[in-house]
Amino acid sequence: LPMIAIFYFLLWRPQSQRQKQLRQMVDGLRRGDTVVTSGGMVGKVTKVSDTTDDIEVELADNLKVRIVKSTLLDVRSKGEPVKDAG
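Conventions adopted
- Residues numbered from 1 in each chain as written.
- Predicted model: local features only at pLDDT ≥ 70, side-chain atom pairs only at ≥ 80, totals over all residues.
- Heavy atoms only, no water.
- Helix = DSSP H or I, 4+ residues; strand = E, 2+ residues; numbered from the N terminus.
- Buried < 20%, exposed > 50% of the residue type's maximum accessible area, 1.4 Å probe, protein only.
- Contact = heavy atoms within 4.5 Å.
- Areas by Shrake-Rupley, 256 points an atom, 1.4 Å probe, with all protein chains shown as cover.
- Pairing = 2+ DSSP bridges.
- Axes fitted to C-alpha atoms, helices over the stretch in contact; angles between N-to-C directions.
- Core = buried A, V, L, I, M, F, W, Y, C linked by side-chain atoms within 4.5 Å.

Considering the overall build of the protein
Next, step 1: For the protein, the helix and strand inventory stands at 1 helix and 5 strands.
Next, step 2: Listing the helices and strands of the protein from first to last along the sequence gives α-β-β-β-β-β.
Next, step 3: Sorting the 86 residues of the protein into buried and exposed places 23% on the buried side.
Next, step 4: Considering only residue pairs separated by 6 or more positions, the protein has 34% of its internal contacts joining residues 24 or more positions apart.
Next, step 5: Counting every atom, the protein has about 6600 Å² of accessible surface; 55% of that belongs to carbon and sulfur.

Comments concerning the sheet that holds strand S5 (residues 72-76)
Backbone hydrogen bonds hold the strands of a sheet together, and the pairing may be parallel or antiparallel.
Next, step 1: Strand order in this open sheet of 5 strands is S4-S3-S2-S1-S5, and the pairing throughout is antiparallel. What marks the edges here is a single partner per strand, and that holds for strand S4 (63-68) and S5. Here the average twist between neighbouring strands, direction ignored, is 40°.
Next, step 2: Here strand S1 (residues 34-37) runs beside S5; their pairing, made up of 4 bridges, is antiparallel. Pairing of Val36 across the sheet is with Asp74, part of S5.

Points about the nonpolar core
Next, step 1: Within the largest apolar cluster, 9 residues are counted, these being Val26, Leu29, Val35, Val45, Ile55, Val57, Ile67, Leu72 and Val75.
Next, step 2: Elements supplying a minimum of two residues to this core: strand S3 (54-60) and S5.
Next, step 3: Apart from the residues within four sequence positions on either side, Val57 is in contact with Val35, Gly43, Lys44, Val45, Thr46, Leu63, Lys64, Val65 and Ile67.

Quick look at the structure:
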């Protein structure tokens, strides 16, 4: 029983909280936000559809792609600076 409690508090609960937080960020997604995809691409959201599960992201000048919301790893707000990897 103590092993199950340790497993729950150290592994399962933090992961479910991270998933919940990401789901809330994706649900609050709006035009102009910067997103990071699971493929490692960083782009700016140009179009968000409430009826479908995809968004339009501008990766470079004149390069727009449609991405499924569930493939996003991170959502950065308009004014938030890029996170330092170091």
